[in-house]
Amino acid sequence: MPYVQSIDLGIETWAGNLPKAPEDLWEALTERDSDSRDALFAHCVAMTVNAVQEPHYRKPRQIAHADVLAATLGLDMAKAG
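All of these numbers come straight from a predicted model, not from anything done at the bench. (Residues numbered from 1 in each chain as written. Predicted model: local features only at pLDDT ≥ 70, side-chain atom pairs only at ≥ 80, totals over all residues. Heavy atoms only, no water.)

The next subject is the overall build of the chain. When helices and strands are counted, the chain shows five helices and zero strands. Reading the chain from its N end, one meets helices and strands in the order α-α-α-α-α. On C-alpha atoms alone, the chain measures out to a radius of gyration of 15 Å, which is more than a quarter above the 12 Å that the 2.2 N^0.38 rule sets for 81 residues. For the chain, the spread of C-alpha atoms along the principal axes amounts to about 45 × 25 × 25 Å. With 81 residues in all, the chain has 15% of them scored as buried. By element, 60% of the accessible surface of the chain is carried by carbon and sulfur atoms, the whole surface being about 6,600 Å². (Helix = DSSP H or I, 4+ residues; strand = E, 2+ residues; numbered from the N terminus. Rg over C-alpha atoms; globule rule 2.2 N^0.38 Å. Buried < 20%, exposed > 50% of the residue type's maximum accessible area, 1.4 Å probe, protein only. Areas by Shrake-Rupley, 256 points an atom, 1.4 Å probe, with all protein chains shown as cover.)

What follows is the structure, given as structure tokens:
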């Protein structure tokens, strides 16, 4: 799955490019350019959005928010793989 592979690559890339010690994170972020910070923040958001629809777990507000996000970004998960 290309989408899953891109997420795995993002995790590996950011894990290798961020400091291991939490107290060093703020300085590392302020030293990055805005495009790099935006890419990291987008990755973090992508890791927190869960719009999986399961019959036993109803979450209409969560799905509605994910639908708005997907529409805004022009994201089609079926097409993305």
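Now that the structure is up, let's keep going.
Mapped onto the elements of the fold, His-43 is located in helix 3 (residues 34-48). Beyond its immediate sequence surroundings of up to four residues, His-43 is in contact with Ile-7, Gly-10, Ile-11 and Trp-14. (Contact = heavy atoms within 4.5 Å.)

Bringing the environment of Ala-21 into the picture now. With respect to the helices, strands and loops of the structure, Ala-21 is situated in the loop between helix 1 (2-17) and helix 2 (25-31). Residue classification places Ala-21 among the partly exposed positions, given a relative accessible area of 22%. The spacing of Ala-21 and Asp-8 is 13 residues in sequence and 22 Å in space, taken between C-alpha atoms.

At a closest axis distance of 11 Å, the pairing of helix 1 and helix 3 adopts a crossing angle of 130°. Relative to helix 3, helix 1 is oriented oblique. For the element pair helix 1 and helix 3, the recorded crossing hand is left-handed. Here Ile-7, Gly-10, Ile-11 and Trp-14 of helix 1 lie close against helix 3, whose contacting residues are Ser-36, Ala-39, Leu-40, His-43 and Met-47. Broken down by class, the residue content of the contact of helix 1 with helix 3 amounts to six nonpolar, three polar and no charged. (Axes fitted to C-alpha atoms, helices over the stretch in contact; angles between N-to-C directions. Parallel < 35°, antiparallel > 145°, perpendicular 65-115°, else oblique. Left-handed = near helix turned anticlockwise from the far one by under 90°. Nonpolar A, V, L, I, M, F, W, Y, C, P; charged D, E, K, R; others polar.)

The quantities given are spatial measurements derived from coordinates; they are silent on function.
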